[in-house]
Amino acid sequence: MSIKLRYKEFKLSLLLKKLMQVVDLEKKIISEFEMFDNWMEKYEYLIELGKDLPLMSSTDKSDKNIIKGCQSKVWLHAEFEKDLVSFYADSEAIITKGIIALLIRVLNNQTPQNILDAKLNFINEIGLTNHLSPTRANGLLEMVKQMKAYAYSLMIKNNLNE
């Protein structure tokens, strides 16, 4: 077996390992939400998750980082270091802040390709889209799109071909 082929297999195994981490994080979130009996408890949990979101710097709370299409103001910033994407976010609305916290929990510190490949099935599995207003559900879609757009942009900018 050639070195190039071994290297490609090695990179593929690393990619699969990272992707499994995304799936594992999703499974953990699903099991956490299964513990609650009703959506009021789930909303309370989302609010708590939002409270645990690390503070975003005031310089990153700029107009260029506002996600368009959200009912409430949501700021999202991404950084790239050591082949991984780190996300930072904040929102004026407590439920929205919890939603972005969930997305960050799954997609933070992943490779751009893992972010692009992530199916994010947990969103439907926990019933989140069914319990959001149409405008808030649209905001959720815009958050996911922006996170994937950041990942794609960072991958292209850093010439990563995974």
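As a reminder, the structure under discussion sits directly above these lines.
Fair warning: this is a prediction, and the values are worked out from it, not measured in the lab. (Residues numbered from 1 in each chain as written. Predicted model: local features only at pLDDT ≥ 70, side-chain atom pairs only at ≥ 80, totals over all residues. Heavy atoms only, no water.)

What follows concerns the pairing of strand E1 (residues 74–81). Across eight bridges, E1 lies against strand E2 (residues 84–91) in antiparallel orientation. Its bridge partner lying in E2, Glu-81 is registered against Leu-84. Connecting E1 to the next strand, E2, in antiparallel fashion are two residues, including Lys-82 with a positive phi near 55°. (Pairing = 2+ DSSP bridges. Helix = DSSP H or I, 4+ residues; strand = E, 2+ residues; numbered from the N terminus.)

Summed over all chains, the structure comprises one cavity of 30 Å³ or more. In this structure, the largest cavity occupies an estimated 40 Å³ of space. Tallying contributions element by element places helix H6 (residues 134–157) first for the lining of the largest cavity, with four residues. Considering only residue class, the lining of the largest cavity consists of three nonpolar, five polar and one charged. (1 Å grid on protein atoms, 1.4 Å probe; cavity = no way out; pocket = protein on both sides within 12 Å on 5 of 7 lines; lining within 4 Å. Points joined across faces, edges and corners; volume = space filled by probe spheres on them. Nonpolar A, V, L, I, M, F, W, Y, C, P; charged D, E, K, R; others polar.)

This next bit is on the packing of aromatic side chains. Within this structure, the stated rule accounts for five aromatic pairs. Ring geometry for Phe-33 and Phe-36: centres 6.3 Å apart, planes at 75°, overall edge-to-face. By relative accessible area, Phe-33 is classed as buried at 2%. Taken together, the ring pairs in this structure connect Phe-33, Phe-36, Trp-39, Tyr-43 and Tyr-45 into an aromatic cluster. A cation over a ring is seen here: Lys-61 above Trp-75, with NZ or CZ 5.1 Å from the ring centre. (Phe/Tyr/Trp six-rings, centres within 6.5 Å; stacked < 30°, edge-to-face > 60°. Buried < 20%, exposed > 50% of the residue type's maximum accessible area, 1.4 Å probe, protein only. Lys NZ or Arg CZ within 6 Å of the ring centre and 35° of its normal.)

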